[in-house]
Amino acid sequence: MTTLFEKLGGAAAVDLAVDRFYERVLQDDRIKHFFANTDMKKQRSHQKAFLTYAFGGTDKYDGQLMRQAHKELVEKQGLNGDHFDAVAEDLILTLREMGVSDELIDEVAAVAAAPQRKKDVLNG
Ligand code: HEM
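Residues numbered from 1 in each chain as written. Predicted model: local features only at pLDDT ≥ 70, side-chain atom pairs only at ≥ 80, totals over all residues.

Participant: I keep staring at helix α4 (residues 63-77) and nothing clicks. Help me out?
Facilitator: Three or four residues apart is the spacing at which side chains of an α-helix point the same way, because the helix has 3.6 residues per turn. When the terminal C-alpha atoms of α4 are compared, their 20 Å separation across 15 residues agrees well with the 21 Å that a helix rising 1.5 Å per residue should span. The largest bend along α4 measures about 45° and falls at His-70. Positioned one or two residues after α4, Gly-78 has a phi angle of 70°, which is positive. (Helix = DSSP H or I, 4+ residues; strand = E, 2+ residues; numbered from the N terminus. Expected span 1.5 Å × (residues − 1). Bend = angle between axes of the 7 residues up to and from the residue.)

Have a look at this one:
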């Protein structure tokens, strides 16, 4: 079975995409404020984590950890579904810009915005 991660080009593709995705997220007025106090290295590792999960490149997804990591953002900064969707949209635009096929983009979108994942991040 070829995973979505492999179809997209594996770790090399994630590394390439992470740079562009990172730029896009930090310029997005809908969500950039969440990263205002996060250092650059952490921000990059965050975008990479997001992408790797979205590409199905890890089996280490831990719902409890996701809840913990975003709990304060939800409670103190009002992180909500619109913000989550904005990040997912930035990911789709990044992949489109990179020339990834619509078919693969649809697959990524389904994984990235999987209901359980969204629920975990938003502490729902
Ligand atoms: C599937 C979706 C997501 C995944 C897999 C994910 C992944 C992670 C992980 C692994 C951490 C803790 C480690 C780290 O800081 O690198 C984290 C923290 C964080 N996440 Fe997410 N995240 C997701 C969605 C979001 C969204 C939608 C936002 C805001 C728009 C967001 C903003 C943050 C911020 C600001 C932190 C704290 C960084 C810090 O320590 O300053 N995340 N996320």
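Participant: I keep staring at the site of the ligand and nothing clicks. Help me out?
Facilitator: Around the ligand, a shell composed of 19 residues is seen, among which Ile-31, Thr-38, His-46, Ala-49 and Ala-69 lie nearest. Within the residue set of the shell around the ligand, elements represented by two or more residues are α3 (40-54), α4, α5 (81-97) and α7 (115-121). Among the elements that take part in the shell around the ligand, α3 stands out by supplying six residues, more than any other. Tallied by class, the residues present in the shell around the ligand amount to twelve nonpolar, five polar and two charged. (Near = placed C-beta within 6 Å. Nonpolar A, V, L, I, M, F, W, Y, C, P; charged D, E, K, R; others polar.)

Participant: Can you help me understand the packing of helix α2 (residues 10-26) against α5 in this one?
Facilitator: The description of two packed helices rests on the angle between their axes and on the distance between the axes. It is the contact of α2 with α5, at a shortest axis distance of 9 Å, that shows an interaxial angle of 130°. Classified by the angle between their axes, α2 and α5 sit oblique to one another. The hand of the α2/α5 crossing is right-handed. Residues Ala-17, Arg-20, Phe-21, Arg-24 and Val-25 of α2 form the contact with α5, whose participating residues are Val-87, Asp-90, Leu-91, Leu-93, Thr-94, Leu-95 and Glu-97. Across the contact of α2 with α5, the residue classes break down as seven nonpolar, one polar and four charged. (Axes fitted to C-alpha atoms, helices over the stretch in contact; angles between N-to-C directions. Parallel < 35°, antiparallel > 145°, perpendicular 65-115°, else oblique. Left-handed = near helix turned anticlockwise from the far one by under 90°. Contact = placed C-beta atoms within 7 Å.)

Participant: I tried to follow the nonpolar core on my own but got confused; where do I start?
Facilitator: Side chains that are nonpolar tend, in soluble globular proteins, to be buried together. Among the nonpolar cores identified, the biggest contains 17 residues, and Phe-21, Leu-51, Ala-54, Phe-55, Leu-91 and Val-108 are the most heavily contacted of them. Elements supplying a minimum of two residues to this core: α2, α3, α5 and α6 (102-112). Looking at which element gives the most residues to this core, the answer is α2, with five residues. Setting aside residues up to four positions removed in sequence, Ala-54 forms contacts with Leu-91, Val-108, Val-111 and Ala-112. (Core = buried A, V, L, I, M, F, W, Y, C linked by C-beta atoms within 7 Å. Buried ≥ 20, exposed ≤ 12 C-beta atoms within 10 Å, placed from the backbone.)

Participant: Honestly, the UniProt feature "binding site: heme" (unreviewed entry) in the chain in this entry has me stumped. Any pointers?
Facilitator: As annotated by UniProt and renumbered to match this structure, "binding site: heme" (unreviewed entry) occupies His-46 and His-70. A stretch of 25 residues holds the annotated residues, and the largest C-alpha distance among them is 11.6 Å, short enough that they meet in one place. Positionally, His-46 belongs in helix α3. Ignoring sequence-local partners within four residues, the contact set of His-70 consists of Leu-79, Val-121 and Asn-123. (UniProt positions renumbered as here; feature names shortened; annotations may be inferred.)

Participant: Would you mind showing me how to read α5 here?
Facilitator: Helix length check: α5, at 17 residues, gives a terminal C-alpha distance of 24 Å against a target of 24 Å (1.5 Å per residue), a fit within 8%. Among the residues of α5, His-83, Val-87, Asp-90, Leu-91, Thr-94 and Leu-95 are the ones counted as buried. Relative to the axis of α5, the buried residues are bounded by an arc of 135° and lie together on one face. Residues Asp-82 and Arg-96 are exposed on α5 and point more than 90 degrees away from its buried face. Buried residues along α5 sit against α2, α3 and α6. After α5 finishes, the residue Gly-99 shows a positive phi value of roughly 85°. (Arc of directions from axis to C-beta.)

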